[in-house]
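A closer look at the structure
In case you want the letters, here they are:
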Amino acid sequence: ENLVRVAIVSAQCVPINIRGHVFTVIGNAVSEKSIFSLFSVYQKAEEHTIAIFGAVAQDAGKDAYVSFGLTGLQKAGNDAVVGFGLTGLQKAGNDAVVVIGLVGLQGAGNDAEIILGIGAMQNAGMEAKTPISIALYQRVGPRQRSFAAFSTLSAYSPEGLPLEEK
């Protein structure tokens with residue numbers, strides 16, 4: 001009986017590689033293309049990392065996605081996105097987005113956005129957005145502020161001109 005349980009859990013951890021794309025239920029994976037899983041402790045892919053119920057660490061060359069759940073670290077060359085959940089750190093070359101949830105730190109080359117939730121810190125190249133949210137600290141280029149609620153901090157002036165550091 002215990003041997004059957006161990007076999008079932010072991011089978012769920014085995015990654016399946018199909019033409020460079022890796023599929024797994026609860027296993028860890030490294031791929032030259034993309035990774036798709038229900039839950040992973042670790043995902044590293046040259047293209048996309050996608051986890052339905054969370055991933056402790058994701059490292060994607062392009063996009064990193066988590067639908068629901070816990071994410072410790074999301075690192076993406078393009079976008080890092082969490083649909084609903086708790087996120088420790090998001091670092092994205094383009095946009096870092098949490099639709100609904102709690103965020104420790106967001107770092108993004110372009111936009112950092114928490115649509116509905118609470119974030120400790122947002123650091124973005126273009127805009128830090130909290131449309132229905134609160135962020136304790138935001139930094140965008142030369143601009144910074146403590147406590148942002150229901151607002152956007154932009155690197156551009158109202159006239160659309162870039163702000164210069166002083």
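Preceding block: the structure.
This report concerns the structure included in the present document. Every chain begins its residue count from 1, and numbering advances along the sequence as written. Owing to the predicted nature of the model, reporting of local features is limited to residues with pLDDT of at least 70; listing and counting of side-chain atom pairs is limited to 80 or more, with chain, interface and lining totals taken over all residues. Only hydrogens and water are set aside; all other atoms, that is, all heavy atoms of the structure, feed into the side-chain values.

1. Remarks on the overall build of the protein chain
Rules: The secondary structure listing takes helices from DSSP runs of H or I that are at least 4 residues long and strands from runs of E that are at least 2 residues long, numbered from the N terminus. Each residue is assigned to one of three classes by its accessible area relative to the maximum for its type, calculated with a 1.4 Å probe on protein chains only: buried under 20%, partly exposed between the two thresholds, exposed over 50%. Methods summary: accessible areas were calculated by the Shrake-Rupley approach with a probe of 1.4 Å, and residue burial reflects only the protein chains presented. In this tally Asp and Glu are treated as negative and Lys and Arg as positive; neither His nor the chain ends contributes. In this description, the location of a charge corresponds to atom NZ of lysine, CZ of arginine, CG of aspartate or CD of glutamate.
Summing up its helical and strand segments, the protein chain has one helix and 13 strands in all. For the protein chain, the succession of helices and strands along the chain, N to C, is α-β-β-β-β-β-β-β-β-β-β-β-β-β. Dimensions along the principal axes, computed over C-alpha positions, put the protein chain at roughly 65 × 30 × 20 Å. In the protein chain, which comprises 166 residues, the proportion classed as buried is 37%. Carbon and sulfur atoms make up 64% of the accessible area of the protein chain, which totals about 8,800 Å². The positive charge centre, built from 12 side chains, and the negative charge centre, built from 14, are 3 Å apart in the protein chain.

2. Structural notes on helix α1 (residues 2-13)
Selection criterion: Here, expected helix span is obtained from the residue count minus one, scaled by 1.5 Å.
Across its twelve residues, α1 extends 17 Å between first and last C-alpha, which sits within 8% of the 16 Å expected from 1.5 Å per residue. Counting buried positions over the twelve residues of α1 gives zero, only a small fraction of the element.

3. Observations regarding the environment of Leu73
Quick note on the threshold: Note on definitions: a residue-residue contact is assigned when non-hydrogen atoms from the two residues lie within 4.5 Å.
Considering the arrangement of structural elements, one finds Leu73 in strand β8 (residues 64-76). For the pair formed by Leu73 and Thr87, sequence separation is 14 residues and the distance between their alpha carbons is 7.2 Å. In this structure Leu73 touches Val56, Ala57, Gln58 and Leu89, once residues within four positions along its chain are discounted.

4. Some points on unusual backbone geometry
In the Ramachandran plot, Arg19 falls in the positive-phi region, its phi being about 55 degrees despite a non-glycine side chain. Inspection of the secondary structure puts Arg19 in the loop between β1 (16-18) and β2 (21-24). Positive phi values are uncommon outside glycine, yet Phe147 reaches one of about 55 degrees. Looking at the secondary structure, you find Phe147 in strand β13 (residues 143-154).

5. Quick look at the pattern of salt bridges
Defined as follows: The term salt bridge refers to a pairing of a side-chain nitrogen on Lys or Arg with a carboxyl oxygen on Asp or Glu at a separation within 4 Å.
Enumeration over the complete set of coordinates arrives at three salt bridges. With its nearest N and O atoms 3.4 Å apart, the salt bridge here joins Asp111 to Lys129. Of this pair, Asp111 sits in strand β11 (residues 111-124) while Lys129 sits in strand β12 (residues 127-140), and the two are 18 residues apart along the sequence. Comparing Asp111 with Lys129 shows no difference in burial state: the two are buried. Members of the salt-bridge network, linked through shared partners, are Asp111, Glu127 and Lys129.

6. A short note on the packing of aromatic side chains
Definition in use: Think of it this way: a Phe, Tyr or Trp ring, Trp meaning its six-membered ring, pairs with another when their centres are within 6.5 Å, and the plane angle makes it stacked under 30 degrees, edge-to-face over 60, tilted otherwise.
Evaluation of the coordinates by the stated rule reveals one aromatic pair. Where Phe23 meets Phe36, the ring centres are 5.1 Å apart and the plane angle is 15 degrees; that geometry is what we call stacked. Placement of Phe23 in strand β2 and of Phe36 in strand β4 (residues 35-37) is noted, with a sequence separation of 13 residues between them.

7. Considering the environment of Thr152
Structurally, the position occupied by Thr152 is in strand β13. For the pair Thr152 and Gln106, spaced 46 residues apart in sequence, the C-alpha separation works out to 14 Å. Residues contacting Thr152, with those up to four places away along its chain left out, are Glu127, Ala128, Lys129 and Arg145.

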